[in-house]
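Results of the structural survey
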Amino acid sequence: MKRFFSQRGKTTVVIFSCWELTLHPVSVCSLHTQGVLSNISSITDLGGFDPVWLFLVVGGVMFILGFAGCIGALRENTFLLKFFSVFLGIIFFLELTAGVLAFVFKDWIKDQLYFFINNNIRAYRDDIDLQNLIDFTQEYWQCCGAFGADDWNLNIYFNCTDSNASRERCGVPFSCCTKDPAEDVINTQCGYDARQKPEVDQQIVIYTKGCVPQFEKWLQDNLTIVAGIFIGIALLQIFGICLAQNLVSDIEAVRASW
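Along each chain, residue indices are assigned from 1 in the same order as the chain's sequence is written. Selection of residues for local features in this predicted model requires a pLDDT of at least 70, selection of side-chain atom pairs for listing and counting requires 80 or more, and totals for whole chains, interfaces and linings are taken over all residues. Hydrogens and waters are ignored; side-chain quantities use all the structure's heavy atoms.

It is worth spelling out the nonpolar core at this point. Core analysis: the largest hydrophobic core is formed by 20 residues, its most contacted members being Ile117, Tyr124, Cys144, Trp152, Val172 and Ile206. Here a helix means four or more residues in a row that DSSP labels H or I, a strand means two or more in a row labelled E, and each is numbered from the N terminus. Counting only elements with at least two residues in this core, the list comes to helix H5 (106-122), helix H6 (128-141) and helix H8 (211-221). Contacts between residues were defined by any pair of non-hydrogen atoms, one from each residue, lying within 4.5 Å. Excluding residues within four positions of it along the chain, valine 172 makes contact with Cys144, Ala149, Trp152, Phe158, Gly191, Ala194, Arg195 and Ile206. In these notes, a set of buried Ala, Val, Leu, Ile, Met, Phe, Trp, Tyr and Cys residues joined through side-chain atoms within 4.5 Å is what counts as a nonpolar core. Per-residue accessibility, obtained with a 1.4 Å probe over protein chains only, is compared with the maximum for each type, and a residue is labelled buried under 20%, exposed over 50%, and partly exposed between these values.

Those residues carrying the UniProt feature "transmembrane region" (unreviewed entry) are residues 53-74, 86-105 and 225-248 in this numbering. The span residues 86-105 is 95% helical and 0% strand by assignment, and the distance between its end C-alpha atoms comes to 28 Å. UniProt positions are given in the numbering used here, feature names are shortened, and annotations may be inferred rather than shown by experiment.

With that settled, consider H8. Within H8, burial applies to Cys211, Val212 and Gln214. Along H8, the residues classed as buried sweep out an arc of 160 degrees about the axis, all on the same side. Taken together, the buried residues of H8 touch H5 and H6. The directions considered for the arc are those from the helix axis to the C-beta atoms.

Such a bond, covalent and formed between the sulfur atoms of two cysteines, is termed a disulfide. Cysteine sulfurs are considered disulfide-paired once they come within 2.5 Å of each other. The full count for this structure, using the stated rule, is four disulfides. The residue that forms a disulfide with cysteine 143 is cysteine 211, at a sulfur-sulfur distance of 2.0 Å. Measuring handedness by torsion sign, the sulfur bridge of cysteine 143 and cysteine 211 sits at about 80 degrees and is right-handed. Of this pair, cysteine 143 sits in the loop between H6 and helix H7 (199-205) while cysteine 211 sits in helix H8, placing them 68 residues apart in sequence. In this structure cysteine 143 comes out as buried when scored by relative accessible area, which is 0%. Two residues, cysteine 160 and cysteine 170, share a disulfide whose sulfurs are 1.9 Å apart. Here the disulfide of cysteine 160 and cysteine 170 is right-handed, its torsion about the S-S bond being about 130 degrees. Placement of the pair is cysteine 160 in the loop between H6 and H7 and cysteine 170 in the loop between H6 and H7, with a sequence separation of 10 residues. Looking at cysteine 160, the relative accessible area reads 25%, which means it is partly exposed.

What follows is about the pattern of salt bridges. Salt bridge, as used here: a side-chain nitrogen of Lys or Arg that lies within 4 Å of a carboxyl oxygen of Asp or Glu. Inspection of every chain in the model, using the stated rule, returns seven salt bridges. For the salt bridge of lysine 217 with aspartate 221, the shortest nitrogen-to-oxygen distance reads 3.0 Å. Linking lysine 217 with aspartate 221, this pair stays in helix H8, spanning four residues, or about one helical turn. Judged by its relative accessible area of 52%, aspartate 221 is exposed.

Glancing now at the layout of surface pockets. Computed over the protein atoms alone on a 1 Å grid, cavities are sets of points where a 1.4 Å probe fits but cannot get out and pockets are open sets with protein on both sides within 12 Å along at least five of seven lines; a residue lines them when it has an atom within 4 Å of a point. Grid points are joined across faces, edges and corners, and a volume is the space filled by probe spheres set on the points. A volume near 270 Å³ is recorded for the second largest pocket. Leu113, Phe116, Ile117, Asn120, Leu133, Ile134, Phe136, Thr137, Tyr140, Trp141, Cys211 and Phe215 together form the lining of the second largest pocket. If you list the elements that add at least two residues to the lining of the second largest pocket, you get H5, H6 and H8. Top contributing element to the lining of the second largest pocket by residue count: H6, with six residues. Charged residues are taken to be Asp, Glu, Lys and Arg, nonpolar residues to be Ala, Val, Leu, Ile, Met, Phe, Trp, Tyr, Cys and Pro, and polar residues to be all remaining types, Gly included. Split into classes, the residues belonging to the lining of the second largest pocket amount to 10 nonpolar, two polar and no charged.

Our focus in this paragraph is the packing of aromatic side chains. Only the six-membered ring of Trp is used, alongside the rings of Phe and Tyr, when aromatic pairs are assigned; centres must lie within 6.5 Å, and planes under 30 degrees apart are stacked while those over 60 apart are edge-to-face, with the rest tilted. For the structure shown, the criterion picks out 10 aromatic pairs. Look at tyrosine 124 and phenylalanine 158: their rings are 6.0 Å apart centre to centre, the planes differ by 65 degrees, and that puts the pair in the edge-to-face class. With a gap of 34 residues between them, tyrosine 124 in the loop between H5 and H6 and phenylalanine 158 in the loop between H6 and H7 connect regions that are remote in the sequence. Owing to a relative accessible area of 0%, phenylalanine 158 belongs among the buried residues under this scheme. Linked through ring pairs, Phe136, Tyr140, Trp141, Phe215 and Trp218 together constitute an aromatic cluster.

The following block contains the structure:
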């Protein structure tokens, strides 16, 4: 009976750890191939720290963790299984700590999000990936700029200065425009001269709410779903720890009976 449970637990641990083994490096490589990591690096200010290394370190740690769990279960190596469960417990504790810190320092996170979006606005026409990122964000959240459409004054093509000879002067990108369900083709010029209109008229043509407030509103409206996702991830990690510990106990019990 013990042997049967050990084999069943072994299979589950192998599946769980091999999923970690493959998912994280593949996701990091795909992001790097698409140029997303380098774009994030170009618009963040973390005291000289390159966010690319953060992704690589996280991917490397999860690869090692998945490797230890997978090989430990297949070879019935209690050292690797204990390493897997302890390290997974440490990660769970760090995630819990990060969640508490995120709640405590939510104003700092809000400022960083504002900084991120504004830097993205400055580089809007300089990089196609950043352009697609900001367009997707504004269309999805139905917002414009970080705290409002006037944030687009930070971009050299959209600012309202008299010296700006761009046709997009005092305008906004098409992703800021309110959508007409009857239009099948996107009008990429719909934001031209939008900010020259009175504020009442602007609300008809473009989104006037910023992306930071809209994101906060989305979090409040979907708090149950977001909390459920994080709880589900936490339960999976606890499940993996319990499986590894049970497998270690089974292996040690079988070896003691030899």
